[in-house]
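Each chain, written out:
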Amino acid sequence: MPEIKPRSAADPLSIRLAEPADFDRIWEIFSRVIQTGDTYAYAPSTTKEQARDAWMGQGLRTYVALAGDKIEGTYILKPNQPGLGSHVANAAFMVDPLTAGNGIGTQMGRHALTEAKTLGYRAMQFNFVISTNDRAVALGLDSPSLALRRRPIVTGSWAL
């Protein structure tokens, strides 16, 4: 595993909507996150174009978290379901494994909840957190400020 490089207090995090030019860096993060096959349902063989469609496609609001001018994480915000379920938001988060553990995911989570409310969503639902994605599980359990509630674990729902 690569060495984790802490973010300095002098390098505060900012979060903004992603721009098309950000995708090369988003792809670096995306590909690193999915390469082990134990954090997301995306196959490690997902191509750059498939990732672009999944992360920056139609109907998605894509955000980037920057330390200085470097993108350290990204998240998407979208309706959880179309039509009558569109008042419930859904989000997915990725942090560069080289800088994980510095509160970037927590800050993006807070930002996503605020953005969802601003955009008129009435709730947020996270559909699928892989139990081996330790950081995502811990984020839900150890971040009272995010006010997340753990739902039952469904065994046997991962790769058949």
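All values derive from a computational prediction rather than experimental measurement.

**Q** How would you sum up the overall build of the protein chain? Please name residues and give values.
**A** Helices and strands together make up the secondary structure of the protein chain, namely four helices and five strands. When the helices and strands of the protein chain are listed from N to C terminus, the series reads β-α-α-β-β-β-α-β-α. Per-residue burial over the protein chain gives 37% buried out of 160 residues. In the protein chain, the share of contacts with a sequence separation of at least 24, taken over all contacts with a separation of at least 6, comes to 62%. Carbon together with sulfur atoms contributes 54% to the accessible area of the protein chain, which is approximately 9600 Å² in total.

**Q** Lay out the packing of aromatic side chains in plain terms, naming residues and giving numbers.
**A** Enumeration according to the criterion identifies seven aromatic pairs in this entry. Look at Trp 27 and Phe 30: their rings are 6.1 Å apart centre to centre, the planes differ by 25°, and that puts the pair in the stacked class. With Trp 27 and Phe 30 both in helix α1 (residues 23-34), this residue pair falls three residues apart, about one helical turn. Both residues of the pair, Trp 27 and Phe 30, count as buried. An aromatic cluster is built from Trp 27, Phe 30, Tyr 40, Tyr 42 and Trp 55, whose rings are joined through pairwise contacts.

**Q** Give a description of the packing of α1 against helix α2 (residues 48-56) that names residues and reports values.
**A** Packing of α1 against α2 leaves a shortest axis separation of 10 Å and a crossing angle of 100°. The angle between α1 and α2 falls in the class roughly perpendicular. Together, Phe 23, Asp 24, Ile 26, Trp 27 and Phe 30 of α1 and Lys 48, Ala 51, Arg 52, Trp 55 and Met 56 of α2 make up the contact between the two elements. Residue composition of the contact of α1 with α2, grouped by class: seven nonpolar, no polar and three charged.

**Q** Please set out the pattern of salt bridges residue by residue, giving values where relevant.
**A** Tallying each qualifying case throughout the model produces six salt bridges. In this structure, Arg 16 and Asp 22 form a salt bridge, with 2.8 Å as the shortest nitrogen-oxygen distance. Since its relative accessible area comes to 8%, Asp 22 is described here as buried. The shortest N-O distance in the salt bridge between Arg 25 and Asp 96 comes to 2.6 Å.

**Q** Explain the side chain of Glu 115 to me, and be specific about the residues and the numbers.
**A** With respect to the helices and strands, the residue Glu 115 is situated in helix α3 (residues 104-118). For Glu 115, the side chain forms a polar contact with the side chain of Tyr 63, separated by 2.7 Å. Apart from the residues within four sequence positions on either side, Glu 115 is in contact with Arg 61, Tyr 63, Tyr 75 and Leu 77.

**Q** So what's going on with the side chain of Thr 62? Residues and values would help.
**A** Within the secondary structure, Thr 62 is located in strand β2 (residues 61-67). In contact with Thr 62, other than residues within four places in its own chain, are Arg 16, Leu 17, Ala 18, Ile 26, Trp 55, Met 56, Thr 74, Tyr 75 and Ile 76.

**Q** Which residues make up α1, and what values do they have?
**A** Each α-helix turn comprises 3.6 residues. Residues three or four places apart therefore point the same way. Over its 12 residues, α1 extends 16 Å from the first C-alpha to the last, a length consistent with the 16 Å expected when each residue adds 1.5 Å. Lining the buried residues of α1 we find α2, β2, β3 (70-79) and β4 (88-95).

**Q** Just give me the short version of the confidence of the model for the protein chain, but keep the residues and values in it.
**A** Mean pLDDT over the protein chain: 80, with 71% of residues reaching 70 or higher. Segment residues 1-7: pLDDT under 50, and 17 contacts once partners within four positions in sequence are set aside and those in other chains are kept. For residues 141-145, every residue scores under 50 in pLDDT, and the model assigns this stretch four contacts once sequence neighbours within four places are set aside.

**Q** Could you give an account of the nonpolar core, with specific residues and numbers?
**A** Counting 18 residues, the largest nonpolar core has Ile 26, Phe 30, Tyr 40, Trp 55, Val 64 and Met 94 as the members making the most contacts within it. Put simply, the parts of the chain that give this core at least two residues each are α1, α2, β2, β3 and β4. If sequence neighbours within four positions are ignored, Ile 26 has contacts with Ala 18, Trp 55, Met 56, Thr 62, Val 64 and Thr 74. Listed in part, the 16 residues of the second largest apolar core include Ala 65, Leu 77, Ala 100 and Ala 116.

Procedures and definitions
Residues numbered from 1 in each chain as written. Predicted model: local features only at pLDDT ≥ 70, side-chain atom pairs only at ≥ 80, totals over all residues. Heavy atoms only, no water. Helix = DSSP H or I, 4+ residues; strand = E, 2+ residues; numbered from the N terminus. Buried < 20%, exposed > 50% of the residue type's maximum accessible area, 1.4 Å probe, protein only. Contact = heavy atoms within 4.5 Å. Areas by Shrake-Rupley, 256 points an atom, 1.4 Å probe, with all protein chains shown as cover. Phe/Tyr/Trp six-rings, centres within 6.5 Å; stacked < 30°, edge-to-face > 60°. Axes fitted to C-alpha atoms, helices over the stretch in contact; angles between N-to-C directions. Parallel < 35°, antiparallel > 145°, perpendicular 65-115°, else oblique. Nonpolar A, V, L, I, M, F, W, Y, C, P; charged D, E, K, R; others polar. Salt bridge = Lys/Arg side-chain N within 4 Å of Asp/Glu carboxyl O. Polar contact = N/O pair within 3.5 Å; in protein donor to acceptor, adjacent residues only side chain to side chain. Expected span 1.5 Å × (residues − 1). pLDDT = per-residue confidence, 0-100. Core = buried A, V, L, I, M, F, W, Y, C linked by side-chain atoms within 4.5 Å.

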